[in-house]
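# Descriptive structure summary
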There are 2 protein chains.
Amino acid sequence: MSRLIALFLCVLATMALAEARIRRYKWDVKYEFKSPDCYKKLVIIINGRSPGPSILAQQSDVVVVEVTNGLVTENLAIHWHGIRQIGSPWSDGTEGVTQCPIFPGDTFTYRFVVDRPGTYLYHAHYGMQRAAGLYGSIQVSLPDGMAEPFAYDYDKSIILNDWYHKSTYEQAAGLSSIPFGWVGEPQSLLIQGRGKFNCSKLASPTLDPTACNATSSECLPYVLTVIPGKTYRLRISSMTALSALSFQIEGHNMTIVEADGHYVEPVVAQNLFIYSGETYSVLIKIDQEPSRNYWIMTNIVSRNATATTPPGLRVPPTGPPAGPIWNDVAPRLAQSLAIKARQGYIHTPPPKSDRAIVFLNTQNKIDGYFHWSVNNVSFTLPHTPYLIALKENLHHVFDQSPPPDRLRDFTNYDIYRVANNTNATSSNAIYRLKFNTTVDIILQNANTLTANTSETHPWHLHGHDFWVLGYGTGKFDADNDPKKYNLVNPIKKNTVAVHPYGWTALRFVADNPGVWVFHCHIEPHLYMGMGVVFEEGVERVGKLPSEIMGCGETKGFKRP
Amino acid sequence: MSRLIALFLCVLATMALAEARIRRYKWDVKYEFKSPDCYKKLVIIINGRSPGPSILAQQSDVVVVEVTNGLVTENLAIHWHGIRQIGSPWSDGTEGVTQCPIFPGDTFTYRFVVDRPGTYLYHAHYGMQRAAGLYGSIQVSLPDGMAEPFAYDYDKSIILNDWYHKSTYEQAAGLSSIPFGWVGEPQSLLIQGRGKFNCSKLASPTLDPTACNATSSECLPYVLTVIPGKTYRLRISSMTALSALSFQIEGHNMTIVEADGHYVEPVVAQNLFIYSGETYSVLIKIDQEPSRNYWIMTNIVSRNATATTPPGLRVPPTGPPAGPIWNDVAPRLAQSLAIKARQGYIHTPPPKSDRAIVFLNTQNKIDGYFHWSVNNVSFTLPHTPYLIALKENLHHVFDQSPPPDRLRDFTNYDIYRVANNTNATSSNAIYRLKFNTTVDIILQNANTLTANTSETHPWHLHGHDFWVLGYGTGKFDADNDPKKYNLVNPIKKNTVAVHPYGWTALRFVADNPGVWVFHCHIEPHLYMGMGVVFEEGVERVGKLPSEIMGCGETKGFKRP
């Protein structure tokens, strides 16, 4: 009798395991008029929504997303931000790098393993499509029976975004125009897809009386209803096109416990500084006077902008709390420095690197057009994706001579002045990394083409997490700064900021066969060339699925 | 000695002939901000211009156009309107019918013979892209030594257009939304790409002070400088998205001498009524007082709209002449009836047809969405082009059961009332015509979903000219109306109007192997389903170029 029971339990367990293994999603992508900040504009939606549906999975699950492109004349690609795509480099969703775009009417199936718990994102990775509203959250839970190293009662995800009223077409055309048309500061900040533009700022009378509707249910403020005494885990992530943000909850401290899917040695903060492409988990204890409401606020930092998220209903009794001073870098650098791997969850980096690459971040003018560049090379995408080109030996589809590991005269480069980078070029050349070697990247910030200006750039690496070994102010000193690297408990991340006039040092092991883009996560900066591509172990990549082909030189590539 | 001279002359003649045979164009297509009516918006331009470069060729020339798609995320296709594509059905440029769209970064080469003299057009034929500004003129001259049957001193081309400030993305999304978002009347009318929107109509202050600039050189009025006593041939064509137009030159009569590439028995007119997709040549004699200027005016007819083309510089001393009464169908029907083939250039139609198809034009609601339909079938495009599907026997990519040759209860259909067309469907089924048979098409207009409303629809046939056998008011009488067909000197055209509550009868011979779309040339009407597709002799079509493939089920079709 006892044996029968054991068998029965065993079958149940197997079934539960089997059920957990594949998470299937069917997504229809199209344009629709939405009013996320009360102002009506075309938004790219997934199954009717922006942000799109959240992907909820458990560690080791296979996520299968069938994406149907219903955009009429426009192609599509979706990137799974923070998912390393180990064994599935063709599912990274970066147009021009790992796949051809999905053509109108086509259905493309992304299939990948979520191998680690944590908070991740997805978003369009084609042109400037991300800023049109195609983004969402991925939350991966621990295996059954395993627990986080912190306790909480409820788990909520909040994606922050900035929002523009101009279409991404208009934004992109402006960026590649003479005279240059900058996207400007956003009209609104969105919290979980909701913001509030002040309709009275619009010219009146507008041609379309429904263009801005302050009472639209779509722009009701985001409200988090909480239970006194409970602890909430808030998964805060940023999908901004441009803005660096500060996030705060009036009267409540936050304890940062996770960053980009890695546990953080707890840091208590009043403001969470968060850059585009980053995800954090913070814990908040509902320990304040329960008879009133409190502000959930985002503010722009690092740029002198005014957009915030004004309230709608249920206004708190106090005015909104002031955000940090926009151009005070010190508290932001302090937070960056405070984020370390949590004790007991430290992955120690290799003590030395095999190759160190210094990426000088500059703004340039090439043929009269504004660009962003790395070592005076502005990145452009080929129309034949690198992954296919490399596997199929299509050498002619991109520049075969590698870009430099550092600027030739980096030693004499003055990062504090407007440089005369007249030798800047555009190129689709890539960095080829020796498989399994350890690579250091030093992101070096500098002055832009405007005097006394250096911007914040959040750099995001595909296919990897990197260790954040250090941050510094001023120019990187290759002799002395590496001695100060944190090799004890550095956090691993996939997105990291380089602060104005500063440097950030990263280390990763080139152990994931594929082709991976590393780029500033500011949408117009990437569009203007602020990125590089790494190839590693591409010879170890298995047979490519023919579904990723069909563009550029891969038209007609059909596999038996 | 005389033999040498003869040889020399002969060589020269051959060279001249050879030089005339191929007309090569290289076009780069991209988005750019333009202000054609003083209001700045994104426009699709060819080599920097909208309208694009004119194609100037001579009868029997081969036109080769290499189109490079620089639209970043959007695909592309260009149709050569009025060119029958005899022997080159894959160059017709209709996305979903004769080719896959051109993907971003790709270069596609259109190659076709211009086998007849006359005035033709080109424009985008994908989504609603045409209305974004991708259009231009094709002018084919007679062979050397041949003369037109009318005399003129100068030859000028003027394309008329209507112009919207909303993007075609916004327009298309509105049309396929619940609630329905109609494109509305245009903000301006353009003459050869120039119009004048009254900037003071814009809300003020606008967010962008450069959004409307009444003094922009891009919206200087179109000025035709003429020489007294001379005769001008004006090639007037209409590329409107929606509007039916009246065109007039103050104080000057026009003599209509060409329509859609066919010579017309001269008709003197004060107003030229012209529908989207039509081309006319008119002669004007410069016989008025030369010390002053005269208005060149377009007005909208058939819809109650207000947009006209106000003047900028050099205003004539008199106010602009009044256009015709917008809803007076009589003069428009009269012009339609007056257009006959010119004596000496009559192509007599076959006396009888093998098949008569009645296309009842209706507006419908299907699943809550507004559609336009033919015989209660609203046309949708497959993602695998018909031409390839038919040649490659891909039967599953479109509905194989043919749509009806007439509405089942057409006899009892009341064209004067709002019909309860609850049985309307969407379909991508096509009409298969027996090769070399003679086909009659009766376009039957009817009431829309709005009481007491019937619109004007200009129908355009690809791959053919048709004879216009007759027009009538009210419901077509299959027993008696055909007896009144003009079989003596009917004009041949590729675009013809069906007037409100009226019918138009056409005849053509299905002798051009290929797949040809026949549709209302109003861009939102086609987008909403107002079209059909004919297949004829597809088994005679030669090997398809693999360049037209790569979408839908033809991904991976590569020919050796």
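Please read these numbers as outputs of a predicted model, since none were measured by experiment. (Residues numbered from 1 in each chain as written. Chains lettered and ligands numbered in written order. Predicted model: local features only at pLDDT ≥ 70, side-chain atom pairs only at ≥ 80, totals over all residues. Heavy atoms only, no water.)

Let us now look at the environment of B:Arg49. Mapped onto the elements of the fold, B:Arg49 is located in the loop between strand 2 (41-46) and strand 3 (55-58). B:Arg49 gets classed as partly exposed once you look at its relative accessible area, which sits at 46%. (Helix = DSSP H or I, 4+ residues; strand = E, 2+ residues; numbered from the N terminus. Buried < 20%, exposed > 50% of the residue type's maximum accessible area, 1.4 Å probe, protein only.)

Residue and element names in this part refer to chain A. For the structure shown, the criterion picks out six disulfides over all chains. Sulfur-sulfur distance for the disulfide between cysteine 100 and cysteine 551 comes to 2.0 Å. On the sign convention where negative means left-handed, the S-S torsion of about -80 degrees between cysteine 100 and cysteine 551 marks this disulfide as left-handed. Linking cysteine 100 in the loop between strand 5 (78-81) and strand 6 (107-114) with cysteine 551 in the segment after strand 30 (531-536), this pair joins segments that are 451 residues apart in sequence. Take cysteine 100 and cysteine 551: they sit in the same class, and that class is buried. If the cysteines joined by disulfides in chain A are listed in sequence order, their pairing comes out as 1-5, 2-6, 3-4. (Disulfide = S-S within 2.5 Å.)

In this section: the side chain of A:Asn361. Residues and elements named next belong to chain A. With respect to the helices and strands, the residue asparagine 361 is situated in strand 18 (residues 355-366). Judged by relative accessible area, which is 1%, asparagine 361 ranks as buried. Separated by 2.9 Å, the side chains of asparagine 361 and tryptophan 459 make a polar contact. For asparagine 361, the residues in contact, after removing those within four places along its chain, are Ser373, Leu443, Gln444, Asn445, Ala446, His457, Trp459, Val498 and Met530. (Polar contact = N/O pair within 3.5 Å; in protein donor to acceptor, adjacent residues only side chain to side chain. Contact = heavy atoms within 4.5 Å.)

Our next topic: the domain arrangement of chain A. All names here are of chain A. Taken domain by domain, chain A holds domain 1 (19-145), domain 2 (159-338) and domain 3 (355-554). Spacing between the C-alpha centres of domain 2 and domain 3 amounts to 28 Å. Contact with domain 2, which involves 29 residues of that partner, is made by 25 residues of domain 3. Summing the contributions of domain 2 and of domain 3, the shared interface buries around 2,200 Å²; its carbon and sulfur component is 65%. The interface formed by domain 2 and domain 3 holds three salt bridges in total. The partner of glutamate 455 in a salt bridge is arginine 303, with the nearest N and O atoms 3.3 Å apart. Counting every contact that joins domain 2 to domain 3 gives twelve residue pairs in polar contact (both at pLDDT 80 or more). When residues of the side of domain 2 that touches domain 3 are traced back to their parent elements, those giving at least two are helix 2 (168-175), strand 14 (262-269) and helix 3 (329-338). (Domains from an automatic or database assignment. Buried area = accessible area lost by both parts, 1.4 Å probe. Salt bridge = Lys/Arg side-chain N within 4 Å of Asp/Glu carboxyl O.)

For the rest of this paragraph, the subject is the pattern of salt bridges. All names here are of chain A. Scanning the model with the defined rule gives 42 salt bridges over all chains in all. Here arginine 84 makes a salt bridge to aspartate 115, at a shortest N to O gap of 2.7 Å. Of this pair, arginine 84 sits in the loop between strand 5 and strand 6 while aspartate 115 is found in the loop between strand 6 and strand 7 (118-124), placing the two residues 31 residues apart along the sequence. The exposure class assigned to aspartate 115 is partly exposed, which follows from its relative accessible area of 30%. Via salt bridges that share partners, Arg84, Asp115, Arg116 and Asp465 belong to a single interconnected network.

Attention now goes to the interface of chain B and chain A. Each partner contributes residues to the interface: chain B has 35 residues there, and chain A has 35 residues. Of the roughly 3,000 Å² buried where chain B meets chain A, counting both sides, 62% is carbon and sulfur surface. Seen at the junction of chain B and chain A, the total is two salt bridges. Of the charged contacts, one joins A:Asp106 and B:Lys555 as a salt bridge, the two residues approaching to 2.3 Å between their closest N and O atoms. Scanning the region where chain B abuts chain A turns up 14 residue pairs in polar contact (both at pLDDT 80 or more). Among the secondary structure elements, those contributing two or more residues to the side of chain B that touches chain A are strand 1 (22-34) and helix 2 (168-175) of chain B. With four residues, helix 2 of chain B is the largest single contributor of residues to the side of chain B that touches chain A. Of the residues contributing to the side of chain B that touches chain A, the split by class is 15 nonpolar, twelve polar and eight charged. (Nonpolar A, V, L, I, M, F, W, Y, C, P; charged D, E, K, R; others polar.)

Residue and element names in this part refer to chain A. UniProt annotation of "domain: Plastocyanin-like" (unreviewed entry) refers to residues 29-141, 157-303 and 411-537 when read in the numbering used here. Structurally, residues 29-141 comprises 0% helix and 45% strand, and the distance from its first C-alpha atom to its last is 26 Å. As annotated, residues 411-537 comprises 4% helix and 42% strand, and the C-alpha atoms at either end are separated by 32 Å. (UniProt positions renumbered as here; feature names shortened; annotations may be inferred.)

Residues and elements named next belong to chain A. Of the positions making up helix 3, those classed as buried are Arg332, Leu333, Gln335 and Ser336. Along helix 3, the residues classed as buried sweep out an arc of 155 degrees about the axis, all on the same side. Where helix 3 starts, the residue carrying a side-chain oxygen 3.3 Å from the main-chain nitrogen of alanine 330 turns out to be aspartate 328. (Arc of directions from axis to C-beta.)

Turning our eyes to something else, we now look at the nonpolar core. A:Trp27, A:Trp80, A:Tyr110, B:Trp27 and B:Trp80 are the most contacted members of the largest nonpolar core, which has 112 residues in total. Apart from the residues within four sequence positions on either side, B:Trp80 is in contact with B:Trp27, B:Ile55, B:Val65, B:Gln85, B:Ser91, B:Asp92, B:Tyr110, B:Phe112, B:Leu121, B:Tyr122 and B:Ile138. (Core = buried A, V, L, I, M, F, W, Y, C linked by side-chain atoms within 4.5 Å.)

You can overlay chain B on chain A at an RMSD of 0.0 Å; the transform is a turn of 180 degrees with a shift of 0.0 Å along its axis. Taken together, the turn and the small shift mark the pair as related by a two-fold rotation axis. Residues of chain B ranked by C-alpha distance from the rotation axis are headed by B:Gly556, positioned 1.8 Å from it. Of the interface residues in chain B, 100% have counterparts in chain A that sit at the interface too, so the contact is made through matching surfaces. (Least-squares fit on C-alpha atoms with pLDDT ≥ 70 in both.)

With that out of the way, let us pick up the side chain of B:Gln139. Residue and element names in this part refer to chain B. The residue glutamine 139 is located in strand 8 (residues 135-141) in this model. For glutamine 139, a relative accessible area of 13% translates into the label buried. A distance of 3.1 Å separates polar atoms of two side chains, one belonging to glutamine 139 and the other to serine 137. Setting aside anything within four residues of it in sequence, one finds glutamine 139 in contact with Ser54, Ile55, Leu56, Ala57, Gly118, Ser157 and Arg235.

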